[in-house]
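Single-letter residue listing:
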Amino acid sequence: MNNIVAIVGRPNVGKSTLFNRLIQRREAIVDSVSGVTRDRNYGKSEWNGKEFSVIDTGGYVRGSDDVFEGEIRKQVELAIDEADVIIFVVDVEEGITPMDDIVARLLRKVKKPVLLAVNKVDNSMREKDALEFYNLGLGDFYTFASISGSGTGDLLDAVIDAFPVKPEPVQEEVVLPRFAVVGRPNAGKSSFINALIGKERFMVTDIAGTTRDAIDTKFDRFGFEFNLVDTAGIRRKAKVKEDLEFYSVMRSVRAIEYSDICILIIDATRGFEGQDQSIFWLAEKNRKGVVILVNKWDLVEKDTMSTRDYEAKIREELMPFTDVPILFVSALTKQRLLKALEATVQVFENRKQRIATSKFNEFMLKVIEAYPPPATKGKYVKIKYCMQLPTATPQFVFFANMPQYVKEPYKRYLENKIRENWDFSGVPIDIYIREK
């Protein structure tokens with residue numbers, strides 16, 4: 001297991017800016033409104049050849065009316081439990097506040113290395129101002145400026161020195177498949193994840209090592225093991241009013257980019273709307289496997305034809321990529337959730353499958369012979385050899401004497417024949433025609 005560093009402190013002292021600097025990405029949302037970080041964000045960092053995980057927490061708040069702030073306090077205490085080293089960030093501009101005192105009191109009881117980091121120290125006058133932080137009773141402090149990065153080197157040296165000595169791991173870490181749960185706001189994404197995880201919430205770890213801020217949850221039940229990524233709902237661009245929401249949407253888009261399979265949850269009461277389609281095409285464009293779950297199916301008035309009609313309507317919108325599993329579920333009543341999981345794992349397997357070149361040629365060359373590419377300007381296109389490329393997603397190449405004359409409809413014909421013979425349900429396929 002990697003060492004874990006937790007960044008704690010009261011709201012708005014620059015914890016997320018430091019976090020983003022350490023993991024070298026803009027993962028955590030940074031805004032001048034306090035209380036922006038509501039969950040623990042995890043990222044990976046590396047210094048002097050040592051890798052470690054970083055947890056960014058929401059600001060520690062006591063006695064506030066905000067519903068979220070009680071939750072944030074729990075998250076901070078959890079992060080302190082998980083960490084090997086704690087960085088306590090304070091702000092030189094505001095000096096020691098009563099809130100800092102409360103956090104320091106909490107940290108003095110912790111039996112782990114605590115590094116006091118004074119932020120926004122970017123000149124010698126502020127170096128002097130920082131001396132008052134000795135009053136917190138946490139010993140020496142490190143001054144730095146998270147926006148410019150000055151001073152973070154010394155802080156990181158201290159972090160590395162403070163790590164406990166751990167025995168070398170014997171086995172390689174297994175990289176689990178990542179399934180991103182995506183959809184518009186309020187389609188039931190988090191309810192879906194909670195329903196899957198069930199009451200045994202605490203057997204499931206929000207696992208360290210996700211550098212994407214969409215929160216990862218390790219799932220290990222019913223013989224399945226993978227990471228589930230819950231994302232913020234993706235709204236139409238025109239509806240993204242608040243800055244923070246814009247960032248959340250951006251992060252969801254990024255979660256799609258980093259996942260293997262996207263579970264697209266749509267609201268049965270609203271239908272398959274334009275925004276759902278955009279998310280679907282975004283996943284398809286990124287060459288991700290897709291499973292569509294129609295959630296809240298228990299709320300829809302049904303007759304014998306309703307699922308078939310509803311499914312046909314969705315497939316019509318998905319043309320030409322219609323080979324996608326569509327399941328009707330309810331996160332509330334847990335209806336068909338296991339089926340949904342099985343379908344997702346199957347799509348993941350489909351995406352990984354390799355077809356032996358000999359078998360592929362044997363089947364496809366007969367297909368091409370039965371229906372060759374149409375002749376153009378009296379020229380006949382001959383395809384003599386084809387194979388699957390060694391890529392992460394299914395890509396096939398066909399070698400022809402005049403590749404420029406093979407048009408899109410014929411490529412689609414080849415794709416359909418591949419899908420008829422091998423199970424690539426839910427997975428986009430790329431067809432390339434090259435000169436032999």
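Here the structure is a predicted model, which is why all the values come from computation and not from measurement.

**Some words on the side chain of Gln 395**
- Mapping Gln 395 onto the fold places it in strand 14 (residues 395-400).
- The exposure class of Gln 395 is buried, given its relative accessible area of 14%.
- With sequence-adjacent residues up to four places away left out, Gln 395 is seen in contact with Met 387, Gln 388, Leu 389, Asp 430 and Tyr 432.

**A few points about the pairing of strand 1 (residues 3-8)**
- Of all six residues in strand 1, six are buried; the element is thus mostly enclosed.
- Taking every second residue as pointing to the same face, both faces of strand 1 are buried, with Asn 3, Val 5 and Ile 7 on one and Ile 4, Ala 6 and Val 8 on the other.
- Sheet analysis places strand 1 next to strand 3 (residues 50-56), joined by five bridges and oriented parallel. Bridging from a neighbouring strand, Ile 4 pairs with Ser 53 of strand 3.
- Pairing between strand 1 and strand 4 (residues 85-91): four bridges, direction parallel. Residue pairing in the sheet places Val 8 in a bridge with Phe 88 of strand 4.

**Let's talk about the packing of helix 11 (residues 357-370) against helix 12 (residues 408-421)**
- Put simply, helix 11 and helix 12 touch, their axes get as near as 11 Å, and they point 135 degrees apart. Considered as vectors, helix 11 and helix 12 are oriented oblique to each other. Seen from above, helix 11 lies across helix 12 with right-handed handedness. Side by side, helix 11 and helix 12 meet where Phe 360, Phe 363, Met 364, Val 367 and Ile 368 of the first sit next to Tyr 410, Tyr 413, Leu 414, Lys 417, Ile 418 and Asn 421 of the second.
- Taken together, the residues that form the contact of helix 11 with helix 12 break down as nine nonpolar, one polar and one charged.

**Points about the environment of Asp 154**
- Structurally, the position occupied by Asp 154 is in helix 5 (residues 152-162).
- Judged by its relative accessible area of 52%, Asp 154 is exposed.
- Counting along the chain gives twelve residues from Asp 154 to Tyr 142, while the straight-line C-alpha distance between them is 7.5 Å.

**Some points on unusual backbone geometry**
- Cis geometry marks the peptide bond from Met 319 to Pro 320, where omega comes out at 0 degrees.
- Tracing the chain through its elements places Pro 320 in the loop between helix 9 (306-318) and strand 12 (326-328).
- For Arg 287, which is not glycine, the phi dihedral falls at a positive 60 degrees.
- You will see that Lys 296, though not glycine, has its phi angle at about 65 degrees, which is positive.
- Residue placement: Lys 296 occurs in the loop between strand 11 (289-295) and helix 9.

**Topic: the sheet that holds strand 13 (residues 383-388)**
- Spatially, 13-14-15 is the arrangement adopted by the three strands of the open sheet, whose pairing is mixed. The outermost strands of the open sheet, each flanked by one partner alone, are strand 13 and strand 15 (430-435). For this sheet, the mean angle separating the axes of adjacent strands, direction not counted, is 20 degrees.
- The strands touched by helix 11 are strand 13 and strand 14; relative to strand 13, the strand with the most contacts, the crossing angle is about 140 degrees.
- Contacting strand 13, strand 14 and strand 15, helix 12 crosses the sheet at an angle of about 125 degrees to strand 15.

**A word on helix 3 (residues 98-108)**
- The set of residues buried in helix 3 consists of Met 99, Asp 100, Val 103, Ala 104 and Leu 107. All buried residues of helix 3 lie within an arc of 135 degrees about the axis, which places them on one face of the element.

**Looking at the packing of aromatic side chains**
- A complete count under the given rule lists 17 aromatic pairs for this structure.
- Taken together, a centroid distance of 5.6 Å and an interplanar angle of 45 degrees make the contact between Phe 360 and Trp 422 tilted. With a gap of 62 residues between them, Phe 360 in helix 11 and Trp 422 in the loop between helix 12 and strand 15 connect regions that are remote in the sequence.
- Judged by its relative accessible area of 0%, Phe 360 is buried.

**Quick word on the nonpolar core**
- Phe 192, Phe 219, Leu 228, Ile 263 and Leu 293 are the most contacted members of the largest nonpolar core, which has 27 residues in total.
- It is helix 10 (residues 337-352) that contributes the most residues to this core, six residues altogether.
- Those residues in contact with Phe 219 that sit more than four places away from it in its chain are Leu 196, Ile 197, Phe 224, Glu 225, Phe 226, Leu 228 and Leu 341.

What counts, and where the lines are drawn
- Residues numbered from 1 in each chain as written.
- Predicted model: local features only at pLDDT ≥ 70, side-chain atom pairs only at ≥ 80, totals over all residues.
- Heavy atoms only, no water.
- Helix = DSSP H or I, 4+ residues; strand = E, 2+ residues; numbered from the N terminus.
- Buried < 20%, exposed > 50% of the residue type's maximum accessible area, 1.4 Å probe, protein only.
- Contact = heavy atoms within 4.5 Å.
- Pairing = 2+ DSSP bridges.
- Axes fitted to C-alpha atoms, helices over the stretch in contact; angles between N-to-C directions.
- Parallel < 35°, antiparallel > 145°, perpendicular 65-115°, else oblique.
- Left-handed = near helix turned anticlockwise from the far one by under 90°.
- Nonpolar A, V, L, I, M, F, W, Y, C, P; charged D, E, K, R; others polar.
- Arc of directions from axis to C-beta.
- Phe/Tyr/Trp six-rings, centres within 6.5 Å; stacked < 30°, edge-to-face > 60°.
- Core = buried A, V, L, I, M, F, W, Y, C linked by side-chain atoms within 4.5 Å.

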